[in-house]
Amino acid sequence: MRQFTAVVNPASGGSSGAATLLPLARLLREAGADLETEYSNSLEHARSVARAAGERGRTVLAVGGDGMAGCVGGALSGTDAVLGLVPAGRGNDFARALGLPTEPGALADVLLNGAPRKVDTIEVESTFHDRIAVLGSVYAGVDALANRHANTSRLLRGAASYYAGGLRAVVTWRPVNYRITVDGELYERRGYTVVAANSGYYGFGRLVAPSARVDDGLLDVVVIRHAPKRLFFTMMNELKTGAHISRPQVEILRGTEIRVEADRSVPYGADGEVDATLPMTARVLPGALNVLA
């Protein structure tokens, strides 16, 4: 029987992380599993707890949203440890890409009986922070600014915070001249954002990179070039289904290493949490993580 260490973000999804774990924990223990719970007080603390649990041979559960999933999964990237995801945040986009259930009984069955699957991770390198690994995507531009607004919203939660954050970001946005280097080839583009995607989803279920696969050894690089803001709002709505990729303003590149630079200070994020500014380099780490899915 598996031994689990749950790393919980108490604030995830409006303090729902712990509440989400309770019925799942009961089912795991009733099935005979050993479960210990650790509450994180920072991302670095969560990484430390996850690494220590993995080294003891325990299956590490990331309880929270994409930030916690990316933090814990990134800490386990490149090790033999096994990750389990307990979606309890606002986005849960990497769990969505893996097709994980949210109902406690079905999720308990995956965690107890599922076989570990090898998936890719993304190594992110920047002058603003140590080299780290994340799971879903790295994005530089208006979406990073929107995510910053959503994360700091005191009045709105869930999808509403993302929509309001997106509106605020787009209204104040000025186009950026990007230098995008994909596996050594330079592309100069003017626009709204560059997304290096391992997973198809980001930003609360938006299908930004429909062809991205978490186990193909490649990153899909989605570039949204300059367009009138009214058209960009239309494309934001099309992100729900992936229909935006048919627009001439949307370009998709693929590669294993992507460097993004800009002509002014531009924020970038990763899995909803890393908050820094360009330049940055993202490279795929093929099959670096074992995850129950």
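Relevant structure appears above.
Residues numbered from 1 in each chain as written. Predicted model: local features only at pLDDT ≥ 70, side-chain atom pairs only at ≥ 80, totals over all residues. Heavy atoms only, no water.

Caption draft 1: Representation of helix α3 (residues 43–55) within the structure. Between its terminal C-alpha atoms α3 stretches 18 Å, which fits the 18 Å expected from 13 residues at 1.5 Å a residue. Its buried side turned inward, α3 meets β1 (3–8), β2 (34–39), β3 (59–64) and α4 (66–76). Just downstream of α3, G57 is the residue with a positive phi angle, here 85 degrees. (Helix = DSSP H or I, 4+ residues; strand = E, 2+ residues; numbered from the N terminus. Expected span 1.5 Å × (residues − 1). Contact = heavy atoms within 4.5 Å.)

Caption draft 2: Fine view of empty space enclosed by the protein. Applying the stated rule across the entire model yields one cavity of 30 Å³ or more. One number sums up the size of the largest cavity: a volume of about 50 Å³. In terms of lining, the largest cavity is formed by A62, G64, G65, D66, A69, L85, V86, P87, N92 and A95. Going through the elements one at a time, β3, α4 and β4 (82–87) are the ones with two or more residues in the lining of the largest cavity. Ranked by the residues each element gives to the lining of the largest cavity, the list is headed by β4, at three residues. (1 Å grid on protein atoms, 1.4 Å probe; cavity = no way out; pocket = protein on both sides within 12 Å on 5 of 7 lines; lining within 4 Å. Points joined across faces, edges and corners; volume = space filled by probe spheres on them.)

Caption draft 3: How the structure looks around the pairing of strand β9 (residues 185–197). Here strand β7 (residues 137–141) runs beside β9; their pairing, made up of five bridges, is antiparallel. Among the inter-strand pairings, A140 is bridged to a residue of β9, identified as V194. Sheet analysis places strand β8 (residues 176–182) next to β9, joined by seven bridges and oriented antiparallel. If you follow T181 over to β9, its bridge partner there is L186. Between β8 and β9, which follow one another and run antiparallel, lie two residues, and D183 among them has a positive phi close to 50 degrees. Pairing of β9 with strand β12 (residues 219–225), which is carried by six bridges, proceeds in the antiparallel orientation. What sits directly across from G191, in β12, is R225. (Pairing = 2+ DSSP bridges.)

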